[in-house]
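Chain and residue survey
Here are the chains, one letter per residue:
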Amino acid sequence: MKQKIAFIGAGNMAGALIGGLIADGLAPEQLVAADPDADKRSALAAACGIATEADNHAAVASATIVVLAVKPQVLRGVVEDLASALAGTHTLVLSIAAGIRCSSLQGWLGQDLPLVRAMPNTPAMIQTGATALFATPEVSAEQREQAESLLRAVGLTCWVDDEGAIDAVTALSGSGPAYHFLVMEAMEAAAIKLGLPAETARLLNLQTALGAARMALESRDPPEVLRQRVTSPGGTTEAALAVFEQGELIELFEQALTAAHERSITLSDELGGH
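What counts as what
Residues numbered from 1 in each chain as written. Predicted model: local features only at pLDDT ≥ 70, side-chain atom pairs only at ≥ 80, totals over all residues. Heavy atoms only, no water. Helix = DSSP H or I, 4+ residues; strand = E, 2+ residues; numbered from the N terminus. Buried < 20%, exposed > 50% of the residue type's maximum accessible area, 1.4 Å probe, protein only. Contact = heavy atoms within 4.5 Å. Areas by Shrake-Rupley, 256 points an atom, 1.4 Å probe, with all protein chains shown as cover. Lys, Arg positive; Asp, Glu negative; His and termini not counted. Charge placed at Lys NZ, Arg CZ, Asp CG, Glu CD. Polar contact = N/O pair within 3.5 Å; in protein donor to acceptor, adjacent residues only side chain to side chain. Salt bridge = Lys/Arg side-chain N within 4 Å of Asp/Glu carboxyl O. Phe/Tyr/Trp six-rings, centres within 6.5 Å; stacked < 30°, edge-to-face > 60°. Lys NZ or Arg CZ within 6 Å of the ring centre and 35° of its normal. Core = buried A, V, L, I, M, F, W, Y, C linked by side-chain atoms within 4.5 Å. 1 Å grid on protein atoms, 1.4 Å probe; cavity = no way out; pocket = protein on both sides within 12 Å on 5 of 7 lines; lining within 4 Å. Points joined across faces, edges and corners; volume = space filled by probe spheres on them. Pairing = 2+ DSSP bridges. Axes fitted to C-alpha atoms, helices over the stretch in contact; angles between N-to-C directions. Disulfide = S-S within 2.5 Å.

Regarding its fold elements, the protein chain presents twelve helices and eight strands. Principal-axis analysis of the C-alpha atoms gives the protein chain an extent of 70 × 40 × 30 Å. Taking all 274 residues of the protein chain together, 39% fall into the buried category. The contacts in the protein chain between residues at least 6 apart in sequence include a share of 63% that link residues at least 24 apart. Just so you have it, the protein chain exposes about 14,900 Å², and 59% of that area is on carbon and sulfur atoms. Of the side chains in the protein chain, 17 bear a positive and 32 a negative charge, and the two mean positions are spaced by 4 Å.

Listed below in structure tokens is the structure:
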């Protein structure tokens, strides 16, 4: 059967995924998106040439994959409403809603449908995302490949065997872009105080971040080794790193990710009704 993907929600992440899938060669007629917001539907239809629906039931009719791309706070009502439309099917349900566990989704659906929970991050909107996925036992090998292909359209993907690992993923890559933006923000501000023009500081800062990330991605060596290679004894880099060590930067990052991890668990309990 020809694959048909129904997106429930037509926000930024849904738009990024749809755009990535079409760029990967999926025909627009294999995609449909549902959203109560007429402006979002019109914008998505105009940008991607796909069909849109105001009614979720109409969108999931004959779908082989249903992507839940609505805000976590409203997901329960959306899923409970869709339960009757998905009853008796083997439709793959792929959730990109942060904080909602598979057990909650299955409870709201009232049945053990194949579920994949994904944790993408915001760079997915420019096809450079990092996404972790978890599958329930009902998901077939073919459906795992379909879910991975869908998320791979907007960046890197990896699977986790334990759903609890998604909370750690949330702390690392889900919230991670904000940590990097904060470092960029701080470095740029410091460079301006040292006398660089704002635009020069910005361009050098961003290109340095991009270059460091690409070097790390393309190298077989861990970041620790790469850092040591650019740190000459008695040089400027060593002087800067010594200040970071005095401020216990590594410990601060560990505390920050731990706080994000704990908050992710708490939010999952609250949003899932546990």
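Its place among the elements puts Val74 in helix H4 (residues 72-86). Between the alpha carbons of Val74 and Leu271 there is a distance of 9.3 Å; along the sequence they are 197 residues apart.

Moving on, we come to the side chain of Thr91. In this structure, Thr91 sits in the loop between H4 and strand S5 (92-95). A polar atom in the side chain of Thr91 sits 3.0 Å from the side chain of Thr89. In contact with Thr91, other than residues within four places in its own chain, are Ala63, Thr64, Ile65, Val66, Leu86, Leu113, Pro114 and Gln143.

For the rest of this paragraph, the subject is the pattern of salt bridges. Per the stated rule, a full pass over the model turns up seven salt bridges. We note a salt bridge from Glu218 to Arg214, for which the minimum N-O separation is 3.3 Å. Remark: Arg214 and Glu218 occur in helix H9 (residues 198-218); sequence separation between them is four residues, near one turn of the helix. Asp221 serves as the salt-bridge partner of Arg229, at 2.5 Å between the closest nitrogen and oxygen. Via salt bridges that share partners, Glu145, Glu148 and Arg152 belong to a single interconnected network.

Right, let's talk about the side chain of Ser95 for a bit. As for its placement among the helices and strands, Ser95 is situated in strand S5. A distance of 3.3 Å separates a polar side-chain atom of Ser95 from the backbone nitrogen of Ala97. Dropping the residues within four chain positions of it, Ser95 is found in contact with Leu68, Leu75, Leu105, Val116, Arg117 and Ala118.

Using the criterion set out here, one finds zero aromatic pairs in the structure. Directly above the aromatic system of Trp159 lies the positively charged group of Arg144, at a separation of 4.0 Å from the ring centroid.

This next bit is on the nonpolar core. Among the nonpolar cores identified, the biggest contains 31 residues, and Ile5, Phe7, Ile18, Leu21, Leu31, Val116 and Leu150 are the most heavily contacted of them. With five residues, helix H1 (residues 12-23) is the largest single contributor of residues to this core. Once residues lying within four places of it in the same chain are set aside, the contact partners of Val116 are Leu92, Val93, Leu94, Ser95, Leu133, Phe134, Ala135, Val139, Ala147 and Trp159.

This next bit is on the layout of surface pockets. As a volume, the second largest pocket reaches approximately 900 Å³. In terms of lining, the second largest pocket is formed by 35 residues, of which the most central are Ala69, Val70, Lys71, Pro72 and Ile96. Where the lining of the second largest pocket is concerned, the elements lending two or more residues are H1, H4, helix H7 (165-174) and helix H12 (249-271). The greatest single-element share of the lining of the second largest pocket, amounting to five residues, is contributed by H12.

A few words on the sheet that holds strand S2 (residues 31-34). Reading across the sheet, the eight strands line up as S3-S2-S1-S4-S5-S6-S7-S8 and stay open at both edges, with mixed pairing between neighbours. Looking at which strands have only one partner, the edges of the open sheet turn out to be strand S3 (51-53) and strand S8 (155-159). The average angle at which neighbouring strand axes cross in this sheet is 25 degrees, direction not considered. Contacting strand S1 (5-8) and S2, H1 runs over the sheet at an angle of about 160 degrees to S1.

This brings us to the state of the cysteines. Across all of its chains, the model carries zero disulfides by this definition. Cysteine Cys102 is unpaired, with the sulfur of Cys158 as its nearest cysteine sulfur at 15 Å.

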